[in-house]
Every structure is written in structure tokens, then in C-alpha cells.
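Listed below are the residues making up each chain.
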Amino acid sequence: MSESAVVSEPVHGTVVVIGGGIAGLAAARDLAIAGARVVVLEEAHEFGGKLRRREVAGLLVDVGAEAMLNRRPEGVSLAAAVGIDVVHPAIASSRIWSRGALRPLPRTLMGVPLDLEGLEATGLLSEAGLAAVRREATIPATVLTDDVSVGALVDRRFGSEVTDLLVEPLLGGVYAGHARELSARASVPQLVAMAERGSILEQSAAAADSQDHTYAGPVFAGVEGGMGRFADALEADLRARGVELRAGDAVRAVRRTTHGFEVEAGPLGRPELLRADAVVVAVPAQPASRLLAGIAGVAATELGGIEAASMAVVTMAFRAEDVPSLADTDSSGFLVPPVENKRVKASTWSFAKWAWVREAGRGAGPDGEDLLVLRTSLGRHREDAVVREPDDALVSDSLLDLAAAAGVHARPVDVEVHRWMHGLPQYAVGHLERVQRIRADVGHVRGLAVCGAAYDGVGIPAVIASAHRAAAEVLADLASRAPLGSQG
Ligand SMILES: Cc1cc2nc3c(=O)[nH]c(=O)nc-3n(C[C@H](O)[C@H](O)[C@H](O)COP(=O)(O)OP(=O)(O)OC[C@H]3O[C@@H](n4cnc5c(N)ncnc54)[C@H](O)[C@@H]3O)c2cc1C
């Protein structure tokens with residue numbers, strides 16, 4: 001909800017928001033603007049969840065999310081509302097590390113090629129693989145009666161090489177998941193819609209010919225100083241609105257009472273009970289499942305079935321003079337198809353991608369030399385063992401792959417290893433129906449709503465959209481109630 005939304009009467013009542021990631025903070029803002037008294041309870045000692053910064057060689061950079069889609073409004077408009085101007089990548093062309101070389105990434109939609117000539121030029125696919133792609137134009141529309149995996153859909157239309165070499169690394173970047181397990185309807189709805197109309201290649205060629213600029217503008221936006229600043233600004237905005245923000249305050253249970261809810265928070269053995277008229281549960285699927293167990297059993301069971309992938313982000317600062325092979329790069333990093341059996345699944349060359357990172361590194365070395373900051377990520381769904389490797393192993397694995405892929409043979413001056421255990425929910429086949437069942441069950445409990453990355457998309461704009469929705473549901477419920485005074 002925007003500030004300009006028409007709110008006829010201020011809403012009364014106390015809403016407890018559980019979870020202070022971007023979802024919880026965004027929901028809290030809508031609720032506060034509408035007049036509710038809002039308390040946000042966050043287990044960690046800082047707010048922002050996956051929007052988090054850490055120092056590497058004295059430079060504060062993102063170790064979680066580092067960008068958001070610019071072509072959906074929710075992220076950039078919330079950033080603007082809390083006084084954050086977005087920036088766009090200086091270089092937005094990633095590479096695919098395949099068969100011993102970094103190859104250009106052709107124009108794709110989540111790895112599905114949209115431009116045959118561009119794909120041919122990359123040398124990524126074999127002749128047989130390219131022949132399968134060319135045949136896509138002759139395949140009739142794929143009408144899905146049931147959900148299928150992304151891989152099944154792409155295999156059917158484009159052949160398995162496209163899935164293995166393009167879709168897997170792209171999906172790996174967003175979900176840390178596997179193409180042949182993730183739901184097509186939930187993860188790539190645009191592709192499903194195109195496939196249901198006919199040839200994806202023909203439709204994208206027609207759109208290019210007609211200069212369809214519906215989605216004009218940069219694809220991604222970031223924040224100077226890091227996405228973590230977005231969360232900080234949101235936190236400051238909430239404080240200014242009188243929202244009570246409590247960090248280091250885990251919620252252990254939520255119970256229903258005659259008129260609302262009782263939320264049990266605080267350390268074990270010294271629980272604090274908070275009374276609330278409404279509750280927004282904005283935590284990942286597994287903790288949400290535990291919290292809802294006593295009040296929305298079906299939703300709790302369904303949430304318990306949503307798996308999550310763990311990943312490690314290794315951020316490194318190099319002396320610019322030590323990494324000459326990166327000096328004039330025209331790439332923002334690379335993605336690695338799992339069939340390559342490498343250790344890292346992606347590397348983002350933050351210094352090349354974001355002008356502010358390069359600027360921050362100027363003269364920032366121990367002896368005033370320029371520093372280049374980049375990061376690697378390791379770990380896909382069901383690879384928790386990889387993520388749990390000691391820091392040293394994750395760093396040396398990253399360095400081995402950077403050496404082989406990009407000729408980086410130096411030691412970094414500083415590193416920061418950040419693990420995101422169960423950090424990315426996996427939208428398995430049937431996810432949309434699962435979410436419907438969750439929302440239906442939660443909807444039976446007056447004053448209860450859920451939001452976050454487990455539901456309608458893991459990207460920041462989609463997560464914020466789910467927060468707006470949860471806040472609107474709670475506000476509609478509060479507005480429909482009798483004045484609090486008459487509740488006795
Ligand atoms: C490494 C990484 C990189 C990413 N990069 C991008 C990107 O570039 N662009 C993009 O759009 N998306 C990206 N994502 C995805 C995106 O960042 C997340 O989906 C989104 O930030 C999730 O927000 P959330 O509020 O739903 O959850 P979270 O950020 O997980 O917040 C939930 C909060 O709930 C708290 N919590 C949990 N249990 C309790 C409890 N019992 N009581 C109180 N608090 C509790 C947690 O501590 C946490 O702070 C990335 C994700 C990861 C892991």
C-alpha cells in the first residue's frame with residue numbers, strides 16, 4: 001500500500017509482525033501508515049533478513065541480496081518511499097563457464113533462448129543441441145493440464161542441452177535449485193504462458209521485430225552502498241512512524257485468545273507474552289510451519305513441506321594490480337552449469353557490476369592501492385554439506401575456480417564467508433496449489449496473515465508484494481471489527 005492510498009478511517013488495534021526481513025518490514029510499514037499499533041519481533045540481532053551487509057577489507061558490501069528486479073514496481077517504489085535512490089548495473093552481461101571457457105550469455109528468459117542467432121554465436125551448445133532448439137518453432141503449443149518442472153517443459157520444447165547448460169545455471173542463481181524439480185508454473189510463469197500459445201522462439205522474435213518496449217528500462221536495480229541500506233532506511237522509516245522494532249527477540253509460539261492472539265517471545269525460560277489483535281507471520285517456511293502449528297494446522301503442514309536450499313557467499317577483496325585479467329572486464333561475472341561439476345555455482349564481479357563498489361575500492365587497500373571486490377556462491381538444494389565446509393575450504397575452492405575460469409591467481413587481501421542455511425525456498429511442482437491451500441487455511445483465522453519468500457516468488461519485489469497483500473488482509477479484518485472498546 002502506498003502512502004497516497006485512500007484510508008478512510010485510521011485502523012485501531014495492535015498487530016505483531018513476526019520476522020524483520022524485507023517482508024516483515026514492508027508489511028509493518030503498510031500497517032503503521034493505516035494507523036495500527038505495530039510491533040516487529042525479529043530473532044536476529046539486526047533487521048533486514050537476507051538484505052545484509054558485512055565489511056570486507058574495510059568496505060561495507062552486500063553478502064545477501066545485491067539487486068532487485070527493476071521491471072516490477074514493488075521494490076523500487078518502496079525504496080523511493082523510504083528515501084533510497086536506486087542505481088543500475090554498470091555492466092549487466094554475465095558469462096557461462098562451460099567447456100573450459102567463459103562464453104557470452106545469450107538473450108534468454110530464465111535460460112530459455114530468445115534469440116537463435118545470439119545463441120549460435122556463443123558456441124555453448126553442440127550442433128545437435130542447436131538443431132533441437134531450431135526445431136522448437138515447429139512444436140505445437142504445450143498446454144499444461146498439470147504443473148510440470150521447468151526442466152520437463154524446456155526439455156520438451158528445446159532439448160536437454162538448453163536445460164543443462166542454460167536453464168540450470170540461471171535457476172541456480174535465483175533459487176539455488178534444480179531445473180527438473182522446480183515448478184514451471186511458479187518459477188517461470190511467463191515461459192509457461194508463451195509455451196501455451198506456441199513457439200517461444202517465434203514469439204520472442206516477433207516481439208523483437210515489433211520493437212515491443214513494454215518492459216523497457218534496465219532489468220535490475222541496486223542501491224549505492226548496498227541493498228542493506230534499503231533495509232536500514234526502511235527500519236528508520238518505521239521507527240519514525242512509531243513502530244516498535246525489537247531485534248534479538250525470537251517468537252516461540254502463537255496462540256489464539258478470545259479476541260485475538262497471544263504471542264510468546266523472548267528467551268527460553270523467560271518468555272514474554274504479547275497480546276495482539278492481529279498477527280503477520282513473515283518468517284521462512286519452516287519457522288512459519290512451527291508457529292502456525294497450533295492455529296492453522298493445514299497451513300503448518302503445507303509450509304513444513306517446502307524445502308529450502310542452503311548457500312554460501314564468499315566475498316573477496318583483491319588488490320587490483322594482482323588481478324590484471326579482471327582489469328578491463330566487460331562482464332559482471334559468470335554462472336556455472338551443474339553438469340560442469342565445478343565447486344562454485346556463480347561469481348559476481350561486484351566491482352564491475354556496480355560503479356559504487358569500484359569507487360569504494362579506490363585507494364582502499366592497506367597501502368592505499370585500489371581494491372576490487374567480487375563474490376562467489378556455492379551450494380545448491382540438497383548440498384548442505386558443501387555449504388558447511390570450513391571457511392578456508394570454501395575460499396580455496398572459490399580461488400581454484402576463479403583461477404581456472406578467469407585467470408585470477410592472486411590471494412585476496414580479505415575475505416568474508418557468509419552461510420545462508422536454508423536461505424532459499426524451493427518451489428516444487430504444485431507450489432501454486434500448495435500456496436492456495438496455505439492461504440485458504442490461514443484465511444480461516446481472523447486477523448492472521450502470512451508473507452515472505454515462501455509464497456509468490458523469492459525475488460525482493462515479489463516478497464514485498466506478498467507483504468502488501470498480508471497487510472491489506474489484516475487491515476481489512478481490523479476495519480471490519482467492532483471498535484475495540486466494545487469487545488470487552
Ligand atoms: C544469498 C542470497 C542472495 C539473494 N540475492 C537476491 C537478489 O540479488 N535479488 C533478489 O530479488 N532476491 C535475492 N535473494 C532472495 C531475497 O533476498 C529473499 O527472498 C528475501 O529477502 C526474503 O525476505 P523475507 O522477508 O521473506 O525473508 P528473510 O529475509 O529470511 O526474513 C525473515 C526474518 O525472519 C526472522 N525469523 C525467523 N524465525 C523467527 C522467529 N521465530 N521469530 C522472529 N523472527 C524470526 C529471520 O531472522 C529473518 O530476519 C537472495 C537470497 C539469498 C539467500
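The name an unreviewed UniProt entry gives the chain is Coproporphyrinogen III oxidase, with Nocardioides fonticola as the organism. For the chain, the Sequence similarities (unreviewed entry) comment in UniProt is given as "Belongs to the protoporphyrinogen/coproporphyrinogen oxidase family. Coproporphyrinogen III oxidase subfamily."

Draft legend 1. Quick look at the packing of aromatic side chains. Scanning the entire structure with this criterion turns up three aromatic pairs. With a centroid separation of 5.7 Å and 75° between ring planes, the pair formed by Trp 97 and Phe 334 is classed as edge-to-face. Placement of Trp 97 in strand E7 (residues 95–98) and of Phe 334 in strand E18 (residues 333–335) is noted, with a sequence separation of 237 residues between them. Exposure class is identical for Trp 97 and Phe 334. Each is buried. Their ring planes at 80° and their centres at 6.0 Å tell us that Phe 334 and Trp 349 sit as a pair that is edge-to-face. Of this pair, Phe 334 sits in strand E18 while Trp 349 sits in the loop between strand E19 (346–348) and helix H13 (350–353), and the two are 15 residues apart along the sequence. Comparing Phe 334 with Trp 349, the two get one shared label, buried. Ring pairs connect the aromatic residues Trp 97, Phe 334 and Trp 349, which therefore count as one cluster. Over the face of the ring belonging to Trp 97 we find Lys 342, whose NZ or CZ atom lies 4.8 Å from the ring centre.

Draft legend 2. Summary view of the pattern of salt bridges. Taken as a whole, this structure holds 35 salt bridges when the rule is applied. A salt bridge links Glu 66 to Lys 353, with the shortest nitrogen-to-oxygen separation between them at 2.8 Å. Linking Glu 66 in the loop between strand E4 (59–62) and strand E5 (68–69) with Lys 353 in helix H13, this pair joins segments that are 287 residues apart in sequence. Taking the relative accessible area as the measure of exposure, Glu 66 reaches 15% and is therefore buried. In this structure, Glu 74 engages Arg 72 in a salt bridge whose closest nitrogen and oxygen atoms are separated by 2.9 Å. Here the salt bridges share partners, and the residues they tie into one network are Arg 37, Glu 244, Arg 246, Asp 249 and Glu 272.

Draft legend 3. View of the site of the ligand. As a matter of local geometry, the ligand sits amid 33 residues, with Glu 42, Lys 50, Ala 67, Val 458 and Ile 460 nearest to it. Backbone polar atom of Glu 43 to a nitrogen atom of the ligand: 3.0 Å apart, as the coordinates give it. The separation between an oxygen atom of the ligand and a polar main-chain atom of Val 458 is 2.6 Å. Summarising the interface, the protein chains cover 89% of the accessible area of the ligand, which totals 1000 Å² for the free molecule.

Draft legend 4. A look at the domain arrangement of the chain. Domain boundaries assigned for the chain yield domain 1 (14–47 + 226–306 + 429–487), domain 2 (95–209) and domain 3 (307–425). A separation of 34 Å is found between the C-alpha centroids of domain 1 and domain 3. Contact residues are listed per partner, giving six residues for domain 1 and five residues for domain 3. Between domain 1 and domain 3, roughly 410 Å² of surface is buried when both sides are summed, and carbon and sulfur atoms account for 70% of that area. Summed over the three residues of domain 1 that lose the most area to domain 3, namely Gly 226, Ile 306 and Val 458, the buried surface amounts to 74% of that side. Inspection of the domain 1/domain 3 interface yields zero salt bridges. By residue class, the composition of the side of domain 1 that touches domain 3 is four nonpolar, two polar and no charged.

Draft legend 5. The arrangement of the sheet that holds strand E15 (residues 272–276) in detail. Read from one edge to the other, the open sheet built from three strands follows the order E13-E14-E15, with strand pairing classed as antiparallel. At either end of the open sheet lies a strand with only one pairing partner, and these are strand E13 (251–256) and E15. The average angle at which neighbouring strand axes cross in this sheet is 20°, direction not considered. Of the strand pairs in this sheet, E13 and strand E14 (residues 261–265) are connected by five bridges, and their pairing is antiparallel. Note that in E14 the partner of Val 251 across the bridge is Ala 265.

Draft legend 6. The arrangement of the nonpolar core in detail. Judged by nonpolar contacts, the single largest core of 47 residues is most densely connected at Val 15, Val 17, Leu 31, Val 38, Phe 230 and Val 280. When residues of this core are traced back to their parent elements, those giving at least two are strand E1 (14–18), helix H1 (22–33), strand E2 (37–41), helix H2 (73–81), strand E11 (220–223), helix H10 (228–240), strand E16 (278–281) and helix H18 (460–480). With nine residues, H18 is the single largest residue contributor to this core. Judged by nonpolar contacts, the second largest core, of 43 residues, contains Val 112, Leu 130, Ala 195 and Val 313.

Draft legend 7. Inspection of the sheet that holds strand E8 (residues 101–104) at higher detail. Spatial ordering of the open sheet is given by E8-E7-E18-E19-E20-E17-E21, a layout of seven strands whose pairing is mixed. Of all the strands in the sheet, the pair left with one neighbour each is E8 and strand E21 (414–425). Direction aside, the axes of adjacent strands within the sheet are offset by 30° on average. Helix-sheet contacts for helix H6 (residues 160–175) involve E7, strand E17 (308–319), E18 and E21, and the interaxial angle to E7 is about 120°. Sheet strands touched by helix H16 (residues 391–406): E7, E8, E17, E18, E19, strand E20 (371–378) and E21. Its angle to E17, the strand with the most contacts, is close to 70°.

Draft legend 8. Structural context of the pairing of E4. Two strands pair when backbone bridges link them, and strand E3 (residues 53–56) and E4 are joined in this way by four bridges, in the antiparallel orientation. By the bridge assignment for E4, Glu 55 is matched with Leu 60. Taking the residues between adjacent antiparallel strands as the criterion, E3 and E4 are bridged by two residues, where Ala 57 takes a positive phi near 50°.

Reading guide: rules and limits
Residues numbered from 1 in each chain as written. Predicted model: local features only at pLDDT ≥ 70, side-chain atom pairs only at ≥ 80, totals over all residues. Heavy atoms only, no water. UniProt positions renumbered as here; feature names shortened; annotations may be inferred. Phe/Tyr/Trp six-rings, centres within 6.5 Å; stacked < 30°, edge-to-face > 60°. Helix = DSSP H or I, 4+ residues; strand = E, 2+ residues; numbered from the N terminus. Buried < 20%, exposed > 50% of the residue type's maximum accessible area, 1.4 Å probe, protein only. Lys NZ or Arg CZ within 6 Å of the ring centre and 35° of its normal. Salt bridge = Lys/Arg side-chain N within 4 Å of Asp/Glu carboxyl O. Near = heavy atom within 4 Å. Polar contact = N/O pair within 3.5 Å; in protein donor to acceptor, adjacent residues only side chain to side chain. Areas by Shrake-Rupley, 256 points an atom, 1.4 Å probe, with all protein chains shown as cover. Domains from an automatic or database assignment. Contact = heavy atoms within 4.5 Å. Buried area = accessible area lost by both parts, 1.4 Å probe. Nonpolar A, V, L, I, M, F, W, Y, C, P; charged D, E, K, R; others polar. Pairing = 2+ DSSP bridges. Axes fitted to C-alpha atoms, helices over the stretch in contact; angles between N-to-C directions. Core = buried A, V, L, I, M, F, W, Y, C linked by side-chain atoms within 4.5 Å.

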